[in-house]
Amino acid sequence: MKLRGIPIKNFELHVTWVYPDEILANFFEIKTDRKILKMERVRGKPNEPFVYFVSYFHPRVGLTGDEDFKRPLYEILENDYSVIATLSKEEISSIAANELIADKLKMETGQPVLFRKRLVFDQAGRQTEYNLGYYKGDSFVYAVESSR
């Protein structure tokens, strides 16, 4: 967004260590008793939030939670930890905002949200990040170009 000239503001940034549920443990191929780093961010235009991200990171990545997450995430991973996000597998759907999402994005419960689940892998094909993104429905257009 910065490259497109869109000024971005971080409204919230929370970093915690959590135990993964079965879905996360299966994705990362770890046990549920091994803590992983969770980062939650609410970002948007200077006057309005439009996306709520929840990211979980494999312990192998090496993040401590003390990083300056105001820096671009993939810059931190690449420059500080030599982890290059090489492959991203995404699922995109439309959902209704629940109370938590509505509160984070300053919208009404039940309004449409673009939901994106992104699974990120490093240069060796190893699981790096499990990311959930909730975008205000009126803030984004998803465009696809396909050629044959």
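Definitions and cut-offs
- Residues numbered from 1 in each chain as written.
- Predicted model: local features only at pLDDT ≥ 70, side-chain atom pairs only at ≥ 80, totals over all residues.
- Heavy atoms only, no water.
- Helix = DSSP H or I, 4+ residues; strand = E, 2+ residues; numbered from the N terminus.
- Buried < 20%, exposed > 50% of the residue type's maximum accessible area, 1.4 Å probe, protein only.
- Contact = heavy atoms within 4.5 Å.
- Pairing = 2+ DSSP bridges.
- Axes fitted to C-alpha atoms, helices over the stretch in contact; angles between N-to-C directions.
- Salt bridge = Lys/Arg side-chain N within 4 Å of Asp/Glu carboxyl O.
- Arc of directions from axis to C-beta.
- pLDDT = per-residue confidence, 0-100.

Novice: Looking at this model, I keep getting lost on the side chain of K136. Mind explaining?
Specialist: Turning to its location among the elements, K136 is positioned in strand β6 (residues 127-136). A relative accessible area of 6% places K136 in the buried class. Discounting chain neighbours no more than four positions away, the residues touching K136 are E48, P49, F50, L105, K106, M107 and P112.

Novice: Can you help me understand the sheet that holds strand β1 (residues 9-18) in this one?
Specialist: Through backbone hydrogen bonds, the strands of a sheet pair up, either in parallel or in antiparallel fashion. Taking strand neighbours across the sheet as the criterion, the six strands line up as β1-β2-β3-β6-β5-β4 in an open arrangement whose pairing is antiparallel. Each of the sheet's edge strands pairs with one partner strand only, and the pair in question is β1 and β4 (87-96). Strand-to-strand, the axes of this sheet are offset by a mean angle of 15°, without reference to chain direction. Both strand β3 (residues 48-57) and β6 contribute to a ladder of seven bridges, which runs antiparallel. The partner of F53 across the bridge, within β6, is G133.

Novice: In this structure, what is going on with the pattern of salt bridges? I would like to understand it.
Specialist: Opposite charge on two side chains permits pairing when their charged atoms draw close. Considering all chains together, one arrives at eight salt bridges under this definition. Put simply, E12 and K104 hold a salt bridge, and the shortest N to O gap is 2.7 Å. Taken together, the residues span a long stretch of sequence, with E12 in strand β1 and K104 in helix α3 (residues 99-104) at a distance of 92 residues. On the basis of relative accessibility, which here comes to 12%, the residue K104 falls in the buried class. One salt bridge connects E48 with K136, and the closest N-O pair in it is separated by 2.9 Å.

Novice: Just checking my understanding: could you explain helix α2 (residues 73-81) for this structure?
Specialist: Each full turn of the α-helix corresponds to 3.6 residues, which orients residues three or four apart in the same direction. Residues L73, I76 and L77 constitute the buried set of α2. One side of α2 carries all its buried residues, which in axial view fall inside an arc of 95°. The inward-facing, buried residues of α2 abut β2 (36-45), β3 and β6. In the segment just after α2, S82 is the residue with positive phi, at about 55°.

Novice: Whenever I open this one, the confidence of the model for the protein chain confuses me. Can you help?
Specialist: Predicted coordinates in regions of low pLDDT should not be interpreted in detail. Per-residue confidence for the protein chain gives a mean pLDDT of 93, with 98% of residues at or over 70. At the level of individual helices and strands, the protein chain shows its lowest average pLDDT in α2, which scores 92, and its highest in helix α1 (residues 22-28), which scores 98.

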